[in-house]
Amino acid sequence: MPLSDFLGALKDNPYFGAGFGLVGVGTALALARKGAQVGMIFFRRNYMITLEVPSRDKSYHWLLSWITKHANHTQHLSVETSYLQHESGRIQTQFDFHPSPGNHIIWYKHKWIRVERTREKQMVDLHTGTPWESVTFTALGRDREVFFNILQEARELALKQEEGRTVMYTAMGAEWRPFGFPRRRRPLSSVVLDQGVGERIVDDVKEFIGHPKWYTDRGIPYRRGYLLYGPPGCGKSSFITALAGELGYSICLMSLSDRSLSDDRLNHLLSVAPQQSIILLEDVDAAFVSRDLLPTENPQAYQGMGRLTFSGLLNALDGVASSEARIVFMTTNFIDRLDPALIRPGRVDVKQYVGHCTHWQLAQMFRRFYPAEPAGEGERFSQRALEVHPEISAAQVQGHFMLYKLDPAGSIDHVSKVKD
Ligand SMILES: Nc1ncnc2c1ncn2[C@@H]1O[C@H](COP(=O)(O)OP(=O)(O)OP(=O)(O)O)[C@@H](O)[C@H]1O
Ligand SMILES: [Mg+2]
């Protein structure tokens with residue numbers, strides 16, 4: 001007998017006295033449920049506090065790291081892989097673990113806190129193309145202090161991770177996102193450029209940063225452009241990284257051959273770059289080849305491969321002016337391929353050739369690598385190296401020393417292998 005018939009039969013049965021009793025129980029249950037719901041809502045309104053942080057908020061990533069640290073027993077993780085391909089083809093990846101979407105419970109300062117990370121399936125952040133996300137913190141009580149504390153701690157945690165480190169940003173959509181964990185600062189002295197070259201650039205940048213008023217008084221845009229050019233592996237990128245570390249600046253790395261880059265996007269990105277950062281445009285020759293060469297030979301490259309146009313780049317560079325010191329570094333292996341308009345004063349104020357190792361540089365690198373050796377050994381290494389190969393890059397020397405880590409004499413004896 002189906003249940004409804006059974007209940008019907010019961011109702012008609014005199015022994016169960018007017019099945020109204022049953023109806024009464026049902027109503028009571030429904031009422032109780034309703035009551036519980038209302039009670040819950042009342043309780044939530046008055047005795048629970050929540051904080052929602054959407055993914056576009058600055059503190060969102062700090063909070064994710066904070067949660068990762070505090071929800072250390074959680075078994076449900078999601079991975080965020082950062083991926084960066086350099087012009088050289090070298091690919092760098094980095095995995096960051098974060099608590100996965102869902103609920104996590106954290107015991108924090110004698111309070112249970114529920115953390116709910118939600119990810120919208122239907123909604124996508126149009127700027128970054130990533131799913132729309134948020135985290136919601138729920139705690140018992142009415143004291144908002146706990147959320148302030150969490151935000152504060154998350155910020156301090158993030159800053160601590162960056163202390164003594166250089167943050168690298170890459171462009172994601174219309175904004176700059178930190179790429180991977182901040183790197184340990186590279187000491188300037190570890191990049192050996194030719195005598196006086198490094199010092200000259202460092203002095204120039206420091207002088208620039210130190211005198212904003214000089215620029216405003218004269219109505220000159222407060223920005224400065226640098227171009228380092230020369231053969232591969234001689235220390236252009238390493239020097240810029242070390243310089244950022246020395247200044248306590250971050251680096252905004254931008255690839256001009258990125259196909260999704262348009263004039264507007266570049267303009268926007270340059271104007272919203274984080275404060276105290278160096279904008280680094282690597283291999284500028286790869287995106288644009290001299291205008292004289294092009295229209296006939298390679299019309300597409302003239303357009304800058306993507307939707308970025310050469311005039312768009314010039315405008316964007318001219319437009320970067322703010323009250324903040326704006327420092328733009330460009331690198332290239334082929335300065336003669338660059339359009340003169342790109343490197344005229346005002347866009348590029350300092351041009352510096354970073355070339356193959358000189359005698360002085362080789363001796364210096366030897367001394368730095370083998371500090372215990374007598375000074376004469378560095379000279380001997382340098383002399384012999386230049387006798388066999390007049391054009392050696394610092395990267396080759398570094399690679400050679402690595403092979404003879406504990407054998408300075410061996411590195412001199414086998415110096416002819418430095419280019420192998
Ligand atoms: N002058 C230098 N002093 C110390 N190390 C150096 C120097 N130049 C290069 N190196 C080492 O060689 C490697 C490559 O250097 P880097 O990437 O700076 O070269 P680059 O000039 O930017 O080359 P590319 O033109 O290919 O981008 C790095 O690991 C760096 O440590
Ligand atoms: Mg480089």
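Here the residue numbers are simple positions, counted from 1 along each chain's written sequence. Chains carry letters from A onward and ligands carry numbers from 1 onward, assigned in written order. Totals for whole chains, interfaces and linings use every residue, but because this is a predicted model, local features are given only for residues with pLDDT of at least 70 and side-chain atom pairs only at 80 or more, for both listing and counting. Side-chain calculation: all heavy atoms of the structure are included, whereas hydrogens and water are not.

### Here we look at the sheet that holds strand S9 (residues 175-178)
Each strand in a sheet pairs with another by means of backbone hydrogen bonds, the pair being arranged parallel or else antiparallel. The test is simple: One bridge is not enough; two strands pair if DSSP finds at least two bridges between them. The numbering of helices and of strands both runs from the N terminus, where a helix is a DSSP run of H or I of at least 4 residues and a strand a run of E of at least 2. Only the contacting stretch of a helix is used when fitting its axis, a line to C-alpha atoms as for every element, and angles between N-to-C directions run 0 to 180 degrees. A contact between two residues is defined here by any heavy atoms of the two lying within 4.5 Å.
The sheet built from 7 strands is open, its strands ordered S9-S8-S12-S13-S14-S11-S15 with mixed pairing. Each end of this open sheet is capped by a strand with a single partner; those strands are S9 and strand S15 (350-353). Taking each pair of neighbouring strands and ignoring which way they run, the sheet shows an average axis angle of 25°. With 5 bridges joining them, strand S12 (residues 250-254) and strand S13 (residues 277-281) adopt parallel strand pairing. Residue pairing for S13: Ile251 is matched across the bridge by Ile278. Strands in contact with helix H5 (residues 197-210) are strand S11 (223-229), strand S14 (326-332) and S15; relative to S11, the strand with the most contacts, it is inclined by about 165°.

### Quick notes on helix H13 (residues 375-388)
Because each turn of an α-helix spans 3.6 residues, side chains separated by three or four positions in sequence point in the same direction. For clarity, the cut-off: Type-normalised accessible area, obtained with a 1.4 Å probe on protein chains alone, sets the label of each residue: buried when under 20%, exposed when over 50%, and partly exposed for intermediate values. The arc in question is traced by the directions running from the helix axis to the C-beta atoms.
Residues of H13 that are buried: Glu377, Gly378, Phe381, Ser382 and Ala385. For H13, the angular spread of buried residues about the axis comes to 135°, placing them on one side. Away from the buried face of H13 by more than 90 degrees, exposed residues Ala375 and Glu387 are located. Where H13 is buried, its residues contact helix H12 (359-369), helix H14 (394-403) and helix H15 (408-413).

### Re helix H8 (residues 263-271)
Restricting attention to buried positions, one finds in H8 the residues Arg265, Leu266, Leu269 and Leu270. Taken end-on, H8 shows its buried residues confined to a sector of 130°, consistent with a single buried face. Exposed side chains of H8 directed beyond 90 degrees from the buried face belong to Asp264 and Ser271. Residues of H8 that are buried make contact with strand S8 (168-172), S9, S12, S13, helix H11 (310-319) and S14.

### Here we look at the side chain of Gln352
The test is simple: Definition of a polar contact: a pair of N or O atoms within 3.5 Å, with one able to donate and the other able to accept a hydrogen when the atoms are protein atoms, and with sequence-neighbouring residues admitted only if both atoms are side-chain atoms.
Of note, Gln352 is situated in strand S15. A distance of 3.2 Å separates the side chain of Gln352 from the side chain of Arg200, its partner in a polar contact. Ignoring any residue separated from it by four or fewer positions in sequence, one finds Gln352 in contact with Val197, Arg200, Ile201, Leu227, Leu228 and Tyr229.

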